[in-house]
Amino acid sequence: MLQINNLSATVADKPILKGLSLSINAGEIHAIMGPNGAGKSTLAYTLGGRPGYEVTGGSVTFTPPTRHPREGGDPSPAVGNTQGQELGSRFRGNDESVLGIDLLTLAPHERAAAGLFLGFQYPVEIPGVSFVQFLREAANAQRTARGEPPLSGAEFLKLAREKAGLLKMDMDMLKRPVNVGFSGGEKKRAEMVQMGILDPSFAVLDETDSGLDIDALRIVGEGINAIMRKPDKAVLLITHYQRLLDYVKPDFVHVLAGGRIVKSGGAELALQLEEEGYEAVAA
Amino acid sequence: MTVAALPTRKDEAFRYADLDALAGVWPVAREEILVPSGQSTSLSVVEDSEGAVARHLVIELEAGASFDLRILNCGAAFGRIAVDAQLGEGASFTLGAAQLGSGVQVLEIVTEVSHLAPNAVSRQTIRSVLAGQATGTYLGKVAVARGALGTDSEQSVRAMLLSRTATANAKPELEIYADDVKCAHGCAVGELDAQGLFYLESRGLPPELAKQLMLQAFIAEAFSGAADEERLQALALARLGELV
Ligand SMILES: Nc1ncnc2c1ncn2[C@@H]1O[C@H](COP(=O)(O)OP(=O)(O)OP(=O)(O)O)[C@@H](O)[C@H]1O
Ligand SMILES: [Mg+2]
């Protein structure tokens, strides 16, 4: 689903990613661990297309599955075949989807429409713009780009209520301005509600577990499983601790250090890292 | 009645005006509004025409009167709205204004709010969004007369520049001849928050739509509580769509 090949990137002219390669298939959950400042968030932002993160080498190929109407995203089965309009042919054509998309050529909102979701390590506060307001616009902008019919106000609210419920978040919080006045843990939970609503094929979750209390960690872990543990989806989970991985079992664990993947293994690698530290395991 | 001479750059209240455009609409008629004692009135002024516009509203509020004035200044050329308000005892004056400019537009709001008697309240909220080479100006004088005890006045002035070549001028000014008054003002000029924009875009909003949402939030305060708030917001939103 995602093929990262020898990726190099700079931030403020400083090389951070130095030839990083990683291959993620549909149905897989990968965890990335690594010391502070290793470049984990830089990888997430580079995949998301954040301005200021300049790719200096390598490639990223994204091959989203052909989308089927899902209970979450589509209120009704697709009527007729309106696919292939707008940006549609770039994203969902049968042949193209086998070849994959050069992710790095897309603008951030096009990456989202292609099926990428970025869970922020530090979700941004946006005064005056409510979650429901912007998420409805965002969901419909994505749907339009894919040639799907937009959600009505009622359909959207039903979907939002369902996903807020899944994450045990009070629906009223989604009527508030984006992240403003939210606690650290509430922000992370709101990230997952957004992921549920937008229903991506591939999610990069940057330290979604940090800031969560013990109960919230379980709720968020189960939420990630419910939303993303599907044969046609995949997740890249950036974390410092085993505790989230107790709920969201990774198929692969990688150590990112000095801007590249220095070690890969199965779920047991995370346990070993927790026991012995990065120095010993990935020196 | 003699026609006043065309102002020059030396006239403080016309310092940033487009004087050539002004010449075409000079002299500017005084539009006088009287709010009788104890009464409440509101007015929404929407200037969105193609040509140059200059207006001068002179509002007299008698004791206990209140006036709620909202302005959307977003015409295609020079747009100047001058407002003089004279507040009697216990009167209340609200001004909420948004100026939305692009191209080489010159937009300005020039106010002189006089607290003539005790315990009057004035609230001014001015929001400007400026793209291209547009200029947006707010000159706002608050004068508190001798004996106008208990005056309560606030000016909140903020501008958002969407390009390096746009200009915002803001000059709140206080002239106080009384004790026991509360006069607050705040001024800020800024740019759209890049992190906020990326956050919205990363969720699938095209950049224009993301900017439009953030700008709509930015100007919202100018119209909040207005009788025709929704209409003003909708008109502003449409104009913002052209700016981004
Ligand atoms: N705007 C910037 N200017 C200069 N250096 C930067 C900038 N942004 C990030 N860096 C540097 O890039 C490096 C990688 O940062 P990044 O945030 O990717 O680390 P990380 O692996 O996510 O760390 P953490 O575990 O602490 O979240 C750090 O050394 C950081 O200081
Ligand atoms: Mg980080």
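Residues numbered from 1 in each chain as written. Chains lettered and ligands numbered in written order. Predicted model: local features only at pLDDT ≥ 70, side-chain atom pairs only at ≥ 80, totals over all residues. Heavy atoms only, no water.

A short note on the site of ligand 1
All names here are of chain A. In the vicinity of ligand 1 lie 15 residues, with Gly37, Lys40, Ser41, Thr42 and His240 positioned nearest. Between an oxygen atom of ligand 1 and a main-chain N or O atom of Gly37, the distance comes to 2.9 Å. Bound to the protein, ligand 1 loses 64% of the 640 Å² it would expose on its own. For the shell around ligand 1, the secondary-structure elements that each account for two or more residues are β2 (14–24) and α1 (40–48). With three residues, the single largest contributor to the shell around ligand 1 is α1. Across the shell around ligand 1, the residue classes tally to five nonpolar, seven polar and three charged. (Near = heavy atom within 4 Å. Polar contact = N/O pair within 3.5 Å; in protein donor to acceptor, adjacent residues only side chain to side chain. Areas by Shrake-Rupley, 256 points an atom, 1.4 Å probe, with all protein chains shown as cover. Helix = DSSP H or I, 4+ residues; strand = E, 2+ residues; numbered from the N terminus. Nonpolar A, V, L, I, M, F, W, Y, C, P; charged D, E, K, R; others polar.)

Re the interface of chain A and chain B
Listed per partner, the contact involves 28 residues of chain A and 18 residues of chain B. Note on chain A versus chain B: buried area summed over both sides is about 1900 Å², and carbon and sulfur give 71% of it. Our enumeration of links across chain A and chain B arrives at one salt bridge. As a salt-bridge pair, Arg203(B) and Glu191(A) come within 2.7 Å of each other at their nearest N and O atoms. Linking chain A to chain B there are eight residue pairs in polar contact (both at pLDDT 80 or more). Elements with a minimum of two residues in the side of chain A that touches chain B: α1, α4 (108–114), β6 (116–119), β7 (126–130), α5 (131–145) and α7 (184–198) of chain A. (Contact = heavy atoms within 4.5 Å. Buried area = accessible area lost by both parts, 1.4 Å probe. Salt bridge = Lys/Arg side-chain N within 4 Å of Asp/Glu carboxyl O.)

As for the nonpolar core
Counting residues in hydrophobic clusters, the biggest one holds 112 residues, and the most contacted among them are Leu43(A), Phe134(A), Phe202(A) and Leu100(B). In terms of residue count, the dominant contributor to this core is helix α3 (residues 207–223) of chain B (nine residues). The contact partners of Leu100(B), leaving out residues within four places of it in the chain, are Leu72(B), Asn73(B), Cys74(B), Gln105(B), Leu107(B), Val129(B), Ile219(B), Ala236(B), Arg239(B), Leu240(B) and Leu243(B). Formed by 23 residues, the second largest nonpolar core is a distinct cluster that contains Leu57(B), Leu69(B), Leu87(B) and Ala97(B). (Core = buried A, V, L, I, M, F, W, Y, C linked by side-chain atoms within 4.5 Å. Buried < 20%, exposed > 50% of the residue type's maximum accessible area, 1.4 Å probe, protein only.)

Overview of the confidence of the model for chain B
Detailed reading of predicted coordinates is not advised where the pLDDT is low. Considering every residue of chain B, the mean pLDDT works out to 95; 99% of them sit at 70 or more. Across the interfaces of the predicted complex, the ipTM metric reaches 0.89, alongside a pTM of 0.88. (pLDDT = per-residue confidence, 0-100.)

Overview of the pattern of salt bridges
Residues and elements named next belong to chain B. Taken as a whole and assessed by the stated rule, the structure comprises 23 salt bridges over all chains. A salt bridge links Arg55 to Glu47; its shortest N-O distance comes to 2.9 Å. Relative accessible area serves as the criterion here: at 23%, Arg55 is assigned to the partly exposed category. The salt bridge involving Arg123 is made with Glu154; its shortest N-O contact spans 3.9 Å. Taken as a pair, Arg123 in strand β8 (residues 121–130) and Glu154 in strand β10 (residues 152–161) lie far apart in primary sequence, 31 residues in all. With a relative accessible area of 26%, Arg123 lands in the partly exposed category. On the accessibility criterion, Glu154 (35% relative accessible area) is partly exposed. Within the structure, one salt-bridge network assembled from shared partners comprises Arg123, Asp152, Glu154 and Lys182.

Some details on the coordination of the magnesium ion (ligand 2)
Residues and elements named next belong to chain A. Summarising the metal site, the magnesium ion (ligand 2) is bound by the protein donors Ser41 (OG) and Gln121 (OE1), whose distances to it range over 2.0 to 2.2 Å. Note that Ser41 is positioned in helix α1 and Gln121 in the loop between β6 and β7, a separation of 80 residues in sequence. Judged by its relative accessible area of 17%, Ser41 is buried. (Donors = N, O, S within 2.8 Å, 3.2 Å for Na, K, Ca; no water.)

With respect to a negative patch on the surface
Residues and elements named next belong to chain A. Together, Asp246, Glu274, Glu275 and Glu276 give the surface a local cluster of negative charge. When residues in the negative patch are grouped by element, the largest group, three residues, is from helix α10 (residues 268–282). You can see Asp246 is positioned in helix α9 (residues 242–247). The exposure class of Asp246 is partly exposed, given its relative accessible area of 42%. (Patch = residues over 30% accessible without salt bridge, like charges linked within 9 Å, V, L, I, M, F, W, Y side chains within 5 Å. Lys, Arg positive; Asp, Glu negative; His and termini not counted. Charge placed at Lys NZ, Arg CZ, Asp CG, Glu CD.)

A few points about helix α2 (residues 194–202) of chain B
All names here are of chain B. Among the nine residues that make up α2, seven are buried, leaving the element largely enclosed by the rest of the structure. Within α2, burial applies to Gly196, Leu197, Phe198, Tyr199, Leu200, Glu201 and Ser202. One or two residues past the end of α2 sits Gly204, with phi positive at roughly 115 degrees.

What to know about the sheet that holds strand β4 (residues 53–62) of chain A
Residue and element names in this part refer to chain A. As summarised here, the arrangement of the four strands in space is β2-β1-β4-β5, forming an open sheet in which the pairing is antiparallel. Because the sheet does not close on itself, it has two edges, and the strands there are β2 and β5 (101–102). Helix-sheet contacts for α1 involve β1 (2–11), β2 and β4, and the interaxial angle to β1 is about 105 degrees. (Pairing = 2+ DSSP bridges. Axes fitted to C-alpha atoms, helices over the stretch in contact; angles between N-to-C directions.)

A short note on unusual backbone geometry
In this structure, the amide linkage connecting Trp26(B) to the following residue, Pro27(B), adopts the cis form with an omega of 0 degrees. In this structure, Pro27(B) sits in the loop between α1 (19–25) and β1 (30–35). With a phi close to 65 degrees, Asp13(A) is a non-glycine residue in the positive phi region. Tracing the sequence through the fold places Asp13(A) in the loop between β1 and β2. Within the chain, Asp199(A) stands out as a residue other than glycine whose phi angle is a positive 55 degrees. Of note, Asp199(A) is situated in the loop between α7 and β9 (202–206).

As for the sheet that holds strand β3 (residues 29–33) of chain A
Pairing between sheet strands relies on hydrogen bonds along the backbone, with the strands arranged either parallel or antiparallel. Residues and elements named next belong to chain A. Read across the sheet, six strands follow the order β6-β9-β10-β3-β11-β12 without closing on themselves; strand pairing throughout is mixed. The outermost strands of the open sheet, each flanked by one partner alone, are β6 and β12 (260–265). Each neighbouring strand pair of the sheet contributes to a mean axis angle of 20 degrees, computed without reference to strand direction. Bridging between β9 and strand β10 (residues 234–238) involves five bridges; their strand directions are parallel. In the sheet register, Ala203 faces β10, and the bridge partner there is Val235. Where α7 meets the sheet, it contacts β6 and β9, and its direction lies at approximately 170 degrees from that of β6.

Side note on the packing of helix α6 (residues 153–166) of chain A against α7(A)
All names here are of chain A. Across the interface, α6 lies against α7 with an axial gap of 9 Å and an inter-helix angle of 135 degrees. In this view, α6 runs oblique relative to α7, as classed from their interaxial angle. As for how α6 packs across α7, the hand of that crossing is right-handed. Touching Phe156, Leu159, Ala160, Lys163 and Ala164 of α6 are Val193, Gly196 and Ile197, all from α7. Residue classes in the contact of α6 with α7 are distributed as six nonpolar, one polar and one charged. (Parallel < 35°, antiparallel > 145°, perpendicular 65-115°, else oblique. Left-handed = near helix turned anticlockwise from the far one by under 90°.)

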